[in-house]
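Residue-level structure breakdown
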Amino acid sequence: MLKVTFPHIGNSYIPFRSLLTELGMEPIIPPPISQHTIELGTKLAPEFACFPLKINLGNYIEAIEAGAELILMAGGIGPCRFGYYGEQQREILADAGYSVDFLVLEAPKTHPFELWEKIKHYFPQHRLSNLSRAIHLAWLKAVALDRFDRMANQIRAIEIVSGSTTRLQKDFYQQLDQAYLIKDIQSVINHYHKELKSLPLKQGVLPLKIVLVGEIYMVLEPSVNFEIERVLGEMGVMVERTIYFTDWVRDHLLFSIIHPSWNRNLKLMARPYLHNFIGGHGLETVALTVHAGVNHYDGVIELAPFTCMPEIIAMQALPAISRDLGIPVLNIIIDEHSGEAGILTRLEAFIDILQYQRKRGIGGNNLEAVSRH
Amino acid sequence: MKIGIPRALLYFWYGHIWEQFWLTSGCEVKISPPTNHQIMNAGIESALNELCLPIKIFLGHVINLANQVDWIMIPHLIQVQKDAFICPKFMGLPDIVSLAVPSVRGKLLLVRVDPHHLNMVDCLCESAKQLGIAPGRLGNLKDSFSKMVYQPALEMIHNYQSSGSPMNFSKLRIGLLGHPYCLYDACLNLDLLQILARERVYFYTPEMVPIEYQGIGSGKLPKKLFWTTGKMQFDALEWLLNRSENPVDGFIHIAPFACGPEAIISDMIGRRIQKRNKPFLMLNYEEQSGEAGIITRLEAFVDLIKYQHIAC
């Protein structure tokens, strides 16, 4: 069987493993991202390439060492650099002496036939029925993961036994990864969702609510954002992550074809500060910060890799939104030199400010707090 | 009515078109002076730290013009070529300007060039309508205008290279690659072109690529590139690497610090140059760049290719 690998992004390796297995390939999951992975990637990548490109490279090399023969990567048509990652990574790996096939999957909207030709060429079981079954299975897992994460981010802030949500989350990932039949998958999902809902919770507390926006890779990949969701949750903060893998697939691969105005609301929300699409998640970052301000959240944290073009433009708008809508915003820029202690200190200071504001009655959630008590 | 045009970013491509258009439509035109330290520092102070130097310089020019004109023309260049952007920052430029320099918000005159309106003159006519100028008689000038693309840049090259008689030039030839606003802004690149002219080196830039070579180099890429300035650099590379007479001796790539597209372009260009065994120098500029450091590296590079030239 052809040994196939793909770069890590958050927990998406779980649905991808099912997808590839169902299509008759042997998935090689790169080892979890470590300092070593980052070093491998940084050594080969150009200095000012964004951080995700470097980590991807590290993933590839570790997967090639584990025997991978084909790399799967997504493409794009700009203006964000992500669209050209695949081509550049292919050249970098070839020049560094790695012999490996590289398959860049372009979006079905722009290159429908090319995509199908490529799938036919590489995948042994490429009949439509196999494909739809594989996608169904993977989608089931992806949706379950996102639903679990969404709930876990709410519950972690008010759990009584510190760390219980995170432990459950890890078990769930592992069990779901090992389930291959639809029946098993369903029972794993049901079991763990029930467990999560029955965790003992603190009563009568109103935790701070923070919206997490930014570049998709930095938001989704806990090993590069220093597990920001867990850290904030354990500080007693409810985190509302704005980017989920299934949402992204739905919006960009499906809605962009059948429902072209899917992002109309986002555009309207961003309008006072940003008038058009700027690539990546720049528009979303601006729109969702406005959303957080209007809906009286306590704060917004923006995550971006160093030199990310769309996020820099968004960053220029955030102080104005913060001033106009009275919402505190923290931006965190991450690259291979970021240290955990530095990020933690900034997060703690930010949370302290939010708590102080809440106490003085000028925090975002305050209106709600008054009406409840 | 007085219209201000910032001498920054793609002014070096479209400057003459913009100037002639507004003059023909009966406006007074004020072009900001070539970048100086005062302009650069004003821009740096107003902008977000993370922005790249060319955008900061553009903001400096906007501030410079603010009190002298009625309208400041902001080119909103989403696409100037089919299926290719320039850079996300050009797409957000009007918003960046109005957020960084709120005081000019009421004076901005946007010229939006997007996939549906790729012709610069049509887009200028649209903006002229905003000012109440009937564009009817301007439409006829389209052809004469479109010949003026790249003119500011080419004129500058001509000035540098004709400052001495042709006899003065040594036989050294260098390919200069980079964005126009890096190559032709003497304040940003610390007078790189002047230094090269002084060293009697003949240089080629992407704007000099003959029309029959346009689209050849970038067409050879395995995937269509989606940045116009990147495409031009690949075209220039193809042209310069395959010249039968007067081959170039080396390449210099100049980019602003932390430039997004250039991180990919310069790396891929560097690989291609290396495969052809040509010397390659990469210079990154930011607001703290020191002249001495750049000159030393440049002189060392020119010395290197001089010796290579003699040795061959």
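Everything below is about the structure shown above.
What comes next is a walk through the structure. (Residues numbered from 1 in each chain as written. Chains lettered and ligands numbered in written order. Predicted model: local features only at pLDDT ≥ 70, side-chain atom pairs only at ≥ 80, totals over all residues. Heavy atoms only, no water.)

1. A few points about the overall build of chain A
A tally of helices and strands in chain A yields 16 helices and eight strands. Against the 2.2 N^0.38 benchmark of 21 Å for 373 residues, chain A shows a C-alpha radius of gyration of 21 Å, consistent with a compact globule. Oriented by its inertia axes, the alpha-carbon framework of chain A measures out at about 65 × 45 × 40 Å. The long-range share in chain A, meaning contacts at least 24 apart out of those at least 6 apart in sequence, stands at 73%. Split by element, the accessible area of chain A, about 16300 Å² in all, is 57% carbon and sulfur. Averaging the positions of the 34 positive and the 40 negative side-chain charges in chain A gives two centres separated by 7 Å. (Helix = DSSP H or I, 4+ residues; strand = E, 2+ residues; numbered from the N terminus. Rg over C-alpha atoms; globule rule 2.2 N^0.38 Å. Contact = heavy atoms within 4.5 Å. Areas by Shrake-Rupley, 256 points an atom, 1.4 Å probe, with all protein chains shown as cover. Lys, Arg positive; Asp, Glu negative; His and termini not counted. Charge placed at Lys NZ, Arg CZ, Asp CG, Glu CD.)

2. Let's talk about helix 15 (residues 340-360) of chain A
Residue and element names in this part refer to chain A. Taking 1.5 Å of rise per residue, the 21 residues of helix 15 would be expected to cover 30 Å, and the 30 Å separating its terminal C-alpha atoms lies within 8% of that figure. Every buried residue belonging to helix 15 is among Ile343, Leu347, Phe350, Ile351, Leu354 and Arg358, and all of these are buried. Seen from one end, helix 15 has its buried residues packed into an arc of 100°, which puts them on one side. The exposed residues of helix 15 that point more than 90 degrees off its buried face are Ala341, Asp352, Lys359 and Arg360. With its phi angle positive at about 80°, Gly361 sits one or two positions after the end of helix 15. (Expected span 1.5 Å × (residues − 1). Buried < 20%, exposed > 50% of the residue type's maximum accessible area, 1.4 Å probe, protein only. Arc of directions from axis to C-beta.)

3. Structural notes on the interface of chain B and chain A
One widely used convention gives an interface's size as the accessible area the parts lose upon coming together. Every contact between the two is made by 36 residues of chain B and, on the other side, 35 residues of chain A. On the surface where chain B and chain A come into contact, there are four salt bridges. Here Lys223 of chain B ties to Glu106 of chain A by a salt bridge, and the two come within 3.0 Å at their closest N and O atoms. Taken together, the connections running from chain B to chain A amount to 14 residue pairs in polar contact (both at pLDDT 80 or more). Put simply, the parts of the chain that give the side of chain B that touches chain A at least two residues each are helix 4 (88-91), helix 5 (93-100) and helix 13 (260-275) of chain B. Here the side of chain B that touches chain A takes nine residues from helix 13 of chain B, the largest share from any one element. (Salt bridge = Lys/Arg side-chain N within 4 Å of Asp/Glu carboxyl O. Polar contact = N/O pair within 3.5 Å; in protein donor to acceptor, adjacent residues only side chain to side chain.)

4. Observations regarding the packing of aromatic side chains
Under the criterion given, the structure shown has 19 aromatic pairs over all chains. Ring geometry for Phe148 of chain A versus Phe172 of chain A: centroids 4.4 Å apart, planes at 20°, classification stacked. In this pair, Phe148 of chain A is assigned in helix 6 (residues 128-155) and Phe172 of chain A in helix 7 (residues 164-178), connecting sequence segments 24 residues apart. Pair check on accessibility: Phe148 of chain A and Phe172 of chain A agree, each one buried. One aromatic cluster is present, built from ring pairs that chain together Trp13, Tyr14, Trp18 and Tyr150 of chain B. Above the ring of Tyr244 of chain A, the side-chain terminus of Arg241 of chain A is found at 4.1 Å from the ring centroid. (Phe/Tyr/Trp six-rings, centres within 6.5 Å; stacked < 30°, edge-to-face > 60°. Lys NZ or Arg CZ within 6 Å of the ring centre and 35° of its normal.)

5. A few points about the pairing of strand 8 (residues 280-285) of chain B
Residues and elements named next belong to chain B. Going residue by residue along strand 8, you find Leu281, Leu283 and Tyr285 tucked away on one face and Phe280, Met282 and Asn284 left uncovered on the opposite face. Where strand 7 (residues 250-256) lies against strand 8, six bridges are found, and the strand directions are parallel. Counterpart to Ile254 in the pairing with strand 8 is Leu283. As a crossover connection, the stretch from strand 7 through helix 13 into strand 8 is right-handed. (Pairing = 2+ DSSP bridges. Right-handed = clockwise from strand over helix to strand, strands pointing away.)

6. Quick word on a nonpolar patch on the surface
Nonpolar side chains collect at one region of the surface, where Ile135, Trp139 and Val143 of chain A lie side by side and expose about 260 Å² of accessible area between them. Mapped onto the elements of the fold, Trp139 of chain A is located in helix 6. (Patch = residues over 30% accessible without salt bridge, like charges linked within 9 Å, V, L, I, M, F, W, Y side chains within 5 Å.)

7. Section: unusual backbone geometry
The phi dihedral of His296 of chain A falls on the positive side, at around 55°, and the residue is not glycine. Within the secondary structure, His296 of chain A sits in the loop between helix 13 (282-294) and strand 7 (299-305). Classification of His296 of chain A by relative accessible area gives partly exposed; the value is 35%. Even without being a glycine, Arg200 of chain B presents a positive backbone phi close to 60°. Inspection of the secondary structure assignment puts Arg200 of chain B in the loop between helix 10 (192-198) and strand 6 (202-204). Judged by its relative accessible area of 40%, Arg200 of chain B falls in the partly exposed class.

8. Concerning the packing of helix 7 of chain A against helix 8 (residues 182-197) of chain A
Residues and elements named next belong to chain A. Packing of helix 7 against helix 8 brings their axes to within 10 Å, and their N-to-C directions diverge by 175°. Classed by the angle they form, the pair helix 7 and helix 8 counts as roughly antiparallel. Along its contact with helix 7, which presents Thr165, Leu168, Asp171, Phe172, Gln175 and Leu176, the element helix 8 presents Ile185, Val188, Ile189, Tyr192, Glu195 and Leu196. Looking at the contact of helix 7 with helix 8 residue by residue, the classes come out as eight nonpolar, two polar and two charged. (Axes fitted to C-alpha atoms, helices over the stretch in contact; angles between N-to-C directions. Parallel < 35°, antiparallel > 145°, perpendicular 65-115°, else oblique. Nonpolar A, V, L, I, M, F, W, Y, C, P; charged D, E, K, R; others polar.)

9. Focus: the sheet that holds strand 2 (residues 28-31) of chain B
Residue and element names in this part refer to chain B. Sheet architecture is open: four strands sit in the order 2-1-3-4, paired in parallel fashion. Two strands in the sheet have a free side with no partner beyond their single neighbour: strand 2 and strand 4 (108-113). Going from strand to strand, the sheet's axes swing by 30° on average, the running direction of each strand aside. Bridge count between strand 1 (residues 2-5) and strand 3 (residues 71-77): two bridges; the pairing is parallel. Counted as the bridge partner of Ile3 is Trp71 from strand 3. Along the sheet, helix 5 contacts strand 3 and strand 4; its crossing angle with strand 3, the most-contacted strand, is approximately 140°.

Remember, this is a structural readout, not a statement about activity or role.
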